[in-house]
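# Structure assessment
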Amino acid sequence: MDLVLNEVTNTVHRHETGRPGRQAVCGSMFHVSHDNLRVVRGAEPGGEAASATKCGRCFEDGGSY
Ligand SMILES: [Zn+2]
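Definitions and cut-offs
- Residues numbered from 1 in each chain as written.
- Predicted model: local features only at pLDDT ≥ 70, side-chain atom pairs only at ≥ 80, totals over all residues.
- Heavy atoms only, no water.
- Donors = N, O, S within 2.8 Å, 3.2 Å for Na, K, Ca; no water.
- Tetrahedral: all angles 85-135°; square planar, octahedral: opposite > 155°, others 65-115°.
- Helix = DSSP H or I, 4+ residues; strand = E, 2+ residues; numbered from the N terminus.
- Buried < 20%, exposed > 50% of the residue type's maximum accessible area, 1.4 Å probe, protein only.
- Pairing = 2+ DSSP bridges.

### Here we look at the coordination of the zinc ion
- The protein atoms that coordinate the zinc ion are H13 (ND1), C26 (SG), C55 (SG) and C58 (SG), at distances spanning 2.0 to 2.4 Å.
- The coordination sphere of the zinc ion comprises four donor atoms, whose angles at the metal cover 100 to 123°; the geometry is tetrahedral.
- Here the donor residues of the zinc ion are spaced in sequence according to H-x12-C-x28-C-x2-C. Here H13 is found in strand 2 (residues 11–14), whereas its partner C58 is found in the segment after strand 4 (53–54), with 45 residues between them in sequence. Side by side, H13 and C58 carry an identical accessibility label, which is buried.

### A word on the sheet that holds strand 2
- Read across the sheet, four strands follow the order 3-1-2-4 without closing on themselves; strand pairing throughout is mixed. One side of each edge strand has no neighbouring strand; the edge strands of this open sheet are strand 3 (37–41) and strand 4.
- Of the strand pairs in this sheet, strand 1 (residues 2–6) and strand 3 are connected by five bridges, and their pairing is antiparallel. From the neighbouring strand, N6 faces strand 3, where its bridge partner is L37.

Interpretation note: all reported values are geometric properties and have no functional meaning in isolation.
This is the structure in structure tokens:
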């Protein structure tokens, strides 16, 4: 699974599979400049996605609680 990392907020979103560009499933990337987004590999131990906050709308276990 690919993820989209928002480098400004350090939040990862699920990448919308099959769609071009860096668009998150929740659609929250729409207003974010693509300069601040990067597609990263998911499930990478110790990777950037592992240390970032998960989007609560893209992940059931995301958010802060
Ligand atoms: Zn999201």
